[in-house]
Amino acid sequence: MRQIAVLGMPNTGKSTFFNRLTGSHAHIGNWPGITVDLMMAEVKLGDELAEVIDLPGIYDLRGFSEDEAVVRCFLEKTPLNLVLIILNTTQIDRQIILPLQVKQLGLPAVVLLNMADEANRFGVQVEPDLLAQRLGMPVLPISAKYGMGYHGAIATITASLQQHDNLVQVAELEERLLNDRQLANDLAVILDGAVQMPLKLSDQWTSRLDRILLHPVLGLPIFFAAMYLIFQAIYAVGTPMQEWLGNGLDWFKSSALEPFLAPLPTFIKGFLIDGLYEGIGTVAAFLPVIFLFFLCMAVVEDSGYLSRSAFLMDALMERLGLDGRSFVMSLMGFGCNVPAILGTRVMRSPGLRMLSMLVIPFSLCSARLNVFMFMSTALFTAEQSPKVLFSLYLFSFAAALLTAAVFKGKFPSQEPLVLELPPYRFPTIKQMLIRAWCEVKHFWIWSRKFIIFGVIAIWLLNNLPTNVPAASAQTLSGMIGQAIQPLFAPLGINPQLTVALFFGFIAKEIVLGGLAVIYGQPEDGDLANAIAHQIDWVQAYSFMLFTLLYVPCLSTIAVLKSESKSLKFALLSVGWSLGLAWLASFFFYQGARLLGF
């Protein structure tokens, strides 16, 4: 199989091109010889099957960041047939350094000048044929967003693969790269007459919007108002979709599954229906909401507003020992904490990285979102639910800020923030749908093994021994709940919720599936009503608050240990989050009861 690597600087549209090339077939996997996971996919180019690997965005192959080290390590250890170099045409005078360095390494390459449509609007003029002649590799203008020049690029890539059918591996990479002076001379020769740049790139719409969205006083309130409206939209559209899917799953259970499994022994039938199907089905019913969440986040991120939110938060973050990048990584953690922690590799300061990794686990990830969507729908009205969810996001930010304030002296940093604000770009509908689908697919594939393990374990604990009533205090789950109940009673969290939290340590996806198994015994079979009849809104909010703040999942803890290279640091994160979760839930619950709620 042919091997193709995709290389480019940040904000060049590299991922957009990768997604267009691979569609929804991309997956994340560990690449042999390096210590990080990379996005990869198999695609057919002509008659050849090729594996395409999306490398981390870097500025310079000689750089000192961990992402740049990862790319160098990959190029040294992995034989390649072709390198695709994605450049932002509006910044070609700065980005042409990458294809020149790839040429020095002797790797066959194709250069794709992305955002060519935007470059024309800004007055940037490029002669691709002249650049191709001087670089010794094909150069093609494209727009990965709109598809302009895409088919021609694919034809050129396919032809280049046929010409370079032998794998090429880089040896002694560091020694083969030119020094700064020689590199500057070569860049000047390559650009002379082939690229014409205006003295200043101007975008009237971007300038007008930035005067409002980056306003020193109104900027942050506008950002949080925008996020609140996103949550309102997710509820307005997602709740009916969730109900339709839930009703469909219930119909399938009663019409097909139960009759088909009726001949089986009661214990086996209960395990398959009340345990496995109900647990997984309860989580699956929330996939439309997760899809909508990532759809909205695709707009926020790809439009350029995410970078501006980092700019807005940088002054506050600096006072806490962080910077705007830490805020961006925390926002990425809304999807999943694991890639957000991996993203801190762009930070060169060890102190900044460690402090950022300590605050990211407080981001309200999609697994927790499942739990909160369910609990807020079950215990609060349709008008109250978005406000409840938004308040939890505010608590998430508050916990992160408190953590940074407490530990900034232990992890000092003097690294300055260099932040590039791209022009505003609205993603296409296709881009948004592919992005949301890929995120949901990754969430489901990655999490279902934990969900299946968790619901099976909880069902067995809930039904063993078999000679006692299910879900009673005499079962194994009842014994666990009663044993640790003294710790949770002051928080208003009952034994059933305690068991779900106990297994949620493995993965937060298990919490909701576990509740479905634990409360799967009532005659009406309605999980929401079963919980609503047993606890009130104060207990529900205390439970959600604890779920938000307590120990991150095992995968997050494993990444914390591997990225920090310190077991002590991982244990610090676990201990701090547990303590903060208990105190926050305690003060909320006891305070609410004192006020008569």
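Parameters and conventions
- Residues numbered from 1 in each chain as written.
- Predicted model: local features only at pLDDT ≥ 70, side-chain atom pairs only at ≥ 80, totals over all residues.
- Heavy atoms only, no water.
- Helix = DSSP H or I, 4+ residues; strand = E, 2+ residues; numbered from the N terminus.
- Rg over C-alpha atoms; globule rule 2.2 N^0.38 Å.
- Buried < 20%, exposed > 50% of the residue type's maximum accessible area, 1.4 Å probe, protein only.
- Contact = heavy atoms within 4.5 Å.
- Lys, Arg positive; Asp, Glu negative; His and termini not counted.
- Charge placed at Lys NZ, Arg CZ, Asp CG, Glu CD.
- pLDDT = per-residue confidence, 0-100.
- Core = buried A, V, L, I, M, F, W, Y, C linked by side-chain atoms within 4.5 Å.
- Pairing = 2+ DSSP bridges.
- Axes fitted to C-alpha atoms, helices over the stretch in contact; angles between N-to-C directions.
- Parallel < 35°, antiparallel > 145°, perpendicular 65-115°, else oblique.
- Nonpolar A, V, L, I, M, F, W, Y, C, P; charged D, E, K, R; others polar.
- Polar contact = N/O pair within 3.5 Å; in protein donor to acceptor, adjacent residues only side chain to side chain.
- Salt bridge = Lys/Arg side-chain N within 4 Å of Asp/Glu carboxyl O.
- Left-handed = near helix turned anticlockwise from the far one by under 90°.
- Phe/Tyr/Trp six-rings, centres within 6.5 Å; stacked < 30°, edge-to-face > 60°.

> Before we go on, may I ask you to explain the overall build of the protein in this structure?
Of the regular secondary structure elements, the protein holds 27 helices and 9 strands. Here the protein has a C-alpha radius of gyration of 26 Å; the compact-globule value for 597 residues is 25 Å, and the two agree. Oriented by its inertia axes, the alpha-carbon framework of the protein measures out at about 80 × 55 × 45 Å. Taken over 597 residues, the protein has a buried fraction of 55%. Contacts spanning at least 24 positions in sequence make up 78% of the contacts within the protein whose residues lie at least 6 apart. Placing the 40 positive and 45 negative side-chain charges of the protein at their respective mean positions leaves the two points 4 Å apart.

> Got a minute to help me understand the confidence of the model for the protein in this structure?
Note: predicted coordinates in regions of low pLDDT should not be interpreted at a detailed level. Here the protein shows a mean pLDDT of 83. Residues at 70 or above account for 91%. Throughout residues 30-35 the model reports pLDDT below 50, and contacts reaching past four residues in sequence, or to other chains, amount to 17 contacts. This stretch, residues 521-525, has a pLDDT under 50; its non-local contacts, to residues over four places away or in other chains, come to 5 contacts.

> Would you take a moment to explain the nonpolar core for this structure?
The tendency in soluble globular proteins is for nonpolar side chains to be buried side by side. With 111 residues, the main nonpolar core has Met375, Leu515, Ile531 and Phe543 as its most contacted residues. The biggest single contributor to this core is helix α19 (residues 385-407), with 10 residues. Apart from the residues within four sequence positions on either side, Ile531 is in contact with Phe374, Met375, Leu379, Leu515 and Tyr519. Of all hydrophobic cores here, the second largest spans 41 residues; its members include Met9, Leu80, Ile96 and Leu113.

> Even after reading the chapter, I still don't get the pairing of strand β6 (residues 109-114), so can you show me in this structure?
Most of β6 is tucked away, with 6 of its 6 residues classed as buried. A two-sided burial pattern is seen for β6, the buried positions comprising Ala109, Val111 and Leu113 on one face and Val110, Leu112 and Asn114 on the other. The pairing of strand β5 (residues 82-88) with β6 spans 6 bridges and is classified as parallel. Following the sheet pairing, Leu84 is matched in β6 by Val110. Where β6 and strand β8 (residues 139-141) come together, 3 bridges link them in parallel fashion. Opposite Leu113, over in β8, you have Pro141 as the bridge partner.

> I'm lost on the packing of helix α18 (residues 366-379) against helix α23 (residues 509-518) in this one. Help?
How two helices sit against one another is set out by the angle between their axes and by the gap between those axes. Axis separation between α18 and α23 bottoms out at 6 Å; the angle between their running directions is 40 degrees. As judged from the angle between their axes, α18 and α23 are oblique. Contacts between α18 and α23 involve Ala367, Asn370, Val371, Phe374 and Met375 on the former and, on the latter, Glu509, Val511, Leu512 and Leu515. Looking at the contact of α18 with α23, its residues break down into 7 nonpolar, 1 polar and 1 charged.

> How do you make sense of the side chain of Ser564 when you look at a structure like this?
Along the chain, Ser564 falls in helix α26 (residues 554-564). Classification of Ser564 as buried rests on a relative accessible area of 11%. In this structure the side chain of Ser564 is engaged in a polar contact, spanning 3.5 Å, whose partner is the backbone oxygen of Lys561. When neighbours within four sequence positions are excluded, Ser564 is seen to be in contact with Met354, Met357 and Phe569.

> Whenever I open this one, unusual backbone geometry confuses me. Can you help?
Negative phi is the rule for most residues except glycine; trans is the rule for most peptide bonds. Positive phi outside glycine occurs at Met115, with the angle close to 60 degrees. Overall, Met115 belongs to the buried group, its relative accessible area being 9%. Not every positive phi belongs to a glycine, and Lys565 is a case in point at roughly 55 degrees. Structurally, Lys565 is set in the loop between α26 and α27 (567-594).

> Please clarify how the pairing of β5 should be interpreted in this entry.
Note on strand geometry: in a regular strand, side chains alternate between the two faces of the sheet. Of all 7 residues making up β5, 7 are buried, and the element is well covered by its neighbours. Here β5 shows two buried faces, one formed by Leu82, Leu84, Ile86 and Asn88 and the other by Val83, Ile85 and Leu87. As paired elements, strand β1 (residues 2-8) and β5 share 5 bridges and run parallel to each other. Residue pairing across strands places Gly8 opposite Ile86, the latter belonging to β5.

> I'm lost on the pattern of salt bridges in this one. Help?
If charged atoms from side chains of opposite charge come close, those side chains can pair. Throughout the structure, instances matching the rule amount to 5 salt bridges. Between Glu48 and Arg2 there is a salt bridge, and its shortest N-O distance comes to 3.4 Å. Of this pair, Glu48 sits in strand β4 (residues 48-54) while Arg2 sits in strand β1, placing them 46 residues apart in sequence. Residue classification places Arg2 among the buried residues on the basis of a relative accessible area of 13%. Among the salt bridges present, the one from Asp60 reaches Arg62, with a minimum N-O distance of 2.8 Å.

> Looking at this model, I keep getting lost on the packing of helix α11 (residues 219-261) against helix α13 (residues 287-302). Mind explaining?
It is at 8 Å that the axes of α11 and α13 come closest, and there the two elements cross at 150 degrees. Classified by the angle between their axes, α11 and α13 sit roughly antiparallel to one another. The hand of the α11/α13 crossing is right-handed. In this structure, α11 contributes Met227, Ile230, Ile234, Val237, Gly238, Met241, Gln242 and Leu245 to the contact, and α13 contributes Pro288, Val289, Leu292, Phe293, Cys296, Met297 and Val300. In the contact of α11 with α13, the residues fall into 13 nonpolar, 2 polar and no charged.

> Just to check I follow, could you spell out the environment of Glu509 for this structure?
Mapped onto the secondary structure, Glu509 falls in helix α23. Along the backbone, Glu509 and Arg368 are 141 residues apart, and their C-alpha atoms lie at a distance of 7.2 Å.

> For this particular structure, what's the right way to read helix α17 (residues 350-359)?
Because an α-helix completes one turn every 3.6 residues, residues spaced three or four positions apart along the sequence face the same direction. Of all 10 residues that make up α17, 9 are buried, and the element is covered over most of its length. Buried within α17 are the following residues: Gly351, Leu352, Arg353, Met354, Leu355, Ser356, Met357, Leu358 and Val359.

> I would appreciate a short explanation of the packing of aromatic side chains in the present structure.
Both the distance between ring centres and the angle between the ring planes are used here to describe each pair of aromatic rings. For the structure on display, the rule yields 18 aromatic pairs. With 5.8 Å between their ring centres and 65 degrees between their planes, Phe223 and Tyr305 make a pair best called edge-to-face. One end of the pair, Phe223, is in helix α11; the other, Tyr305, is in helix α14 (residues 305-319), with 82 residues separating them in the sequence. Among the residues examined, Phe223 registers a relative accessible area of 0% and is labelled buried. Taking the centre distance of 6.4 Å and the plane angle of 70 degrees together, the rings of Trp537 and Phe588 count as edge-to-face.

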